[in-house]
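# Breakdown of the fold
Here are the chains, one letter per residue:
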Amino acid sequence: MSENGAAAADLTAADLVLRSTRVITPDGTRAASVAVAAGTITAVAAYDAAVPPGARLVDLGDDVLLPGLVDTHVHVNDPGRTEWEGFWTATRAAAAGGITTLVDMPLNSLPPTTTVDNLRTKREVAADKAHIDVGFWGGALPDNVKDLRPLHDAGVFGFKAFLSPSGVDEFPHLDDEQLGRSLAEIAGFDGLLIVHAEDPHHLESAPQQSGPKYADFLASRPRHAEDAAIGRLIAQAKRLHARVHVLHLSSSDALPLIAAAKAEGVRVTVETCPHYLTLTAEEVPDGASEFKCCPPIREAANQDLLWQALADGTIDCVVTDHSPSTADLKTADFATAWGGISGLQLSLPAVWTAARARGHSLEDVVRWMSTRTAQLAGLACKGAIEAGRDADFAVLAPDETFTVDPAQLQHRNRVTAYAGRTLYGVVKSTWLRGERIAAAGEFAEPKGRLLDRTP
């Protein structure tokens, strides 16, 4: 059968057709009709392809159809700190922002995801609350090496570790010896270790000053703390031929080290976050701890180099590191305020606004926030609009703007560093396996699935 004949046959089987003048596919952006059957994309056909009898046509006009985003760095905090967030609110916020899959971090919930029993507890809590698909990272602690393989076999996507204090007592960090032991165990089954890379000795020797001045907080988390920890991680990965991933890269000074390691064949990937790409230290008001995160938002010149590294592939992907808390923990003292930025609902428009100003395309944004994040987690069914993938979509009006109103956010605690900002890119609707789950502030009942790592 010809290629056109195969496409026609697949379209005939469709129960849903989404049509747009701009569909972002792995081969570029084009006018197309996307056929869906039983929640799976069956064909990306010609724009004017005949809609089969019985299929529902949704004409999106000139709005852009892109694959649902995959956010691999989200702190849901449920159970145990559900007043900070929770699966119901986090996944609604994600759906409102065009995210159709998230992978939950193992800490800030009680219990943390560090044993199979704790993973089972978390899955039970999430099961009927997920508006989008949810997977889970496990945690690597000083005393749970014995639990790593069982967690891997139970379906976690990899393991999170800190090289400096995490901020919560139940999730201690790894020293060099403990990092080596955990990484050797994980390398034994070719798992993935994802790492908060700041060196505790550099942090301890940095000036520590309480109070509202952002400059004092920035000085307390220097770039060389990141650089030193990343160097240690790369050395261990090289020694063990292990897979490692650097979380929330903030320091541009580490980029040459990372680029050299990649060129040498070290199995290292790197992410950064919307707040590092869109916010700068120079604009953070004193006392405004909604901007506090660790590692910190740095200067504009640093940001320019992060964008350059995204463009050349040194940085692989962009994720939110959504790390909420109750509003009372966001005090005006940067030294004691909770460190974390809530970004799920706003990540796509925030990154798109900055990307378009720098000459990047929506295809670039899709690559950083959907395709590569799906690849990082090994989610072969996500991250692209092509036959055989899940019918997960975001519909975006890229040239429309809105002003961020915290009252319109779906996060449980509506504290945001983006309040009052005008952003490009209005998410018109979000689709999960061919069903519209969010549109115009309305949400379907939870239809998300709990995902396991696939072999």
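Here we summarise the structure given alongside this text. None of the values given here were measured: they were computed from a predicted structure.

Now for the packing of aromatic side chains. Throughout the structure, instances matching the rule amount to 8 aromatic pairs. When the centroid spacing of 6.2 Å and the interplanar angle of 70° are considered together, the rings of Phe 87 and Phe 136 count as edge-to-face. Of this pair, Phe 87 sits in helix H2 (residues 87–96) while Phe 136 sits in strand E8 (residues 133–136), and the two are 49 residues apart along the sequence. Exposure class is identical for Phe 87 and Phe 136. Each is buried. Here the aromatic rings of Trp 307 and Trp 368 are separated by 5.8 Å at their centres, their planes lie at 65°, and the arrangement is edge-to-face. Taken together, the residues span a long stretch of sequence, with Trp 307 in helix H11 (residues 300–312) and Trp 368 in helix H13 (residues 362–377) at a distance of 61 residues. Look at Trp 368 and you get buried, because its relative accessible area is 0%. In this arrangement the basic side chain of Arg 19 is found over the ring face of Tyr 47, its NZ or CZ atom lying 5.6 Å from the centre. Above the ring of Tyr 424, the side-chain terminus of Arg 356 is found at 3.7 Å from the ring centroid.

This part covers the sheet that holds strand E6 (residues 69–74). With parallel pairing, the 3 strands of this open sheet are ordered in space as E6-E7-E8. Looking at strand neighbours, the two that pair on one side only are E6 and E8, the edges of this open sheet. With direction set aside, neighbouring strand axes in the sheet form an average angle of 20°. The pairing of strand E7 (residues 99–104) with E8 spans 4 bridges and is parallel. Residue pairing for E8: Leu 102 is matched across the bridge by Val 134.

Here a disulfide denotes one covalent bond, and it connects the sulfur atoms of two cysteines. Under the definition given, this model contains 0 disulfides. Cys 294 carries a free sulfur, and the closest cysteine sulfur to it, the one in Cys 293, is 6.8 Å from it. Residue Cys 317 stays outside any disulfide, its sulfur separated by 9.1 Å from that of Cys 273, the closest cysteine.

Turning to the sheet that holds strand E14 (residues 317–318), a few remarks are in order. Strand order in this open sheet of 6 strands is E9-E10-E11-E12-E13-E14, and the pairing throughout is parallel. Either end of the sheet is taken by a strand with one partner, and the two such strands are strand E9 (138–139) and E14.

Where empty space is left can be seen by rolling a probe of water-molecule size over the atoms. By volume, the largest pocket amounts to about 640 Å³. Taken together, 31 residues line the largest pocket, and the ones lying closest to its centre are Pro 165, Ser 166, Gly 167, Arg 221 and Cys 294. Taken together, the elements giving at least two residues each to the lining of the largest pocket come down to strand E10 (159–162), helix H6 (200–205) and helix H7 (214–220). In terms of residue count, the dominant contributor to the lining of the largest pocket is H6 (3 residues).

Conventions used here
- Residues numbered from 1 in each chain as written.
- Predicted model: local features only at pLDDT ≥ 70, side-chain atom pairs only at ≥ 80, totals over all residues.
- Heavy atoms only, no water.
- Phe/Tyr/Trp six-rings, centres within 6.5 Å; stacked < 30°, edge-to-face > 60°.
- Helix = DSSP H or I, 4+ residues; strand = E, 2+ residues; numbered from the N terminus.
- Buried < 20%, exposed > 50% of the residue type's maximum accessible area, 1.4 Å probe, protein only.
- Lys NZ or Arg CZ within 6 Å of the ring centre and 35° of its normal.
- Pairing = 2+ DSSP bridges.
- Axes fitted to C-alpha atoms, helices over the stretch in contact; angles between N-to-C directions.
- Disulfide = S-S within 2.5 Å.
- 1 Å grid on protein atoms, 1.4 Å probe; cavity = no way out; pocket = protein on both sides within 12 Å on 5 of 7 lines; lining within 4 Å.
- Points joined across faces, edges and corners; volume = space filled by probe spheres on them.

Keep in mind that these numbers describe shape and distance, not what the molecule does.
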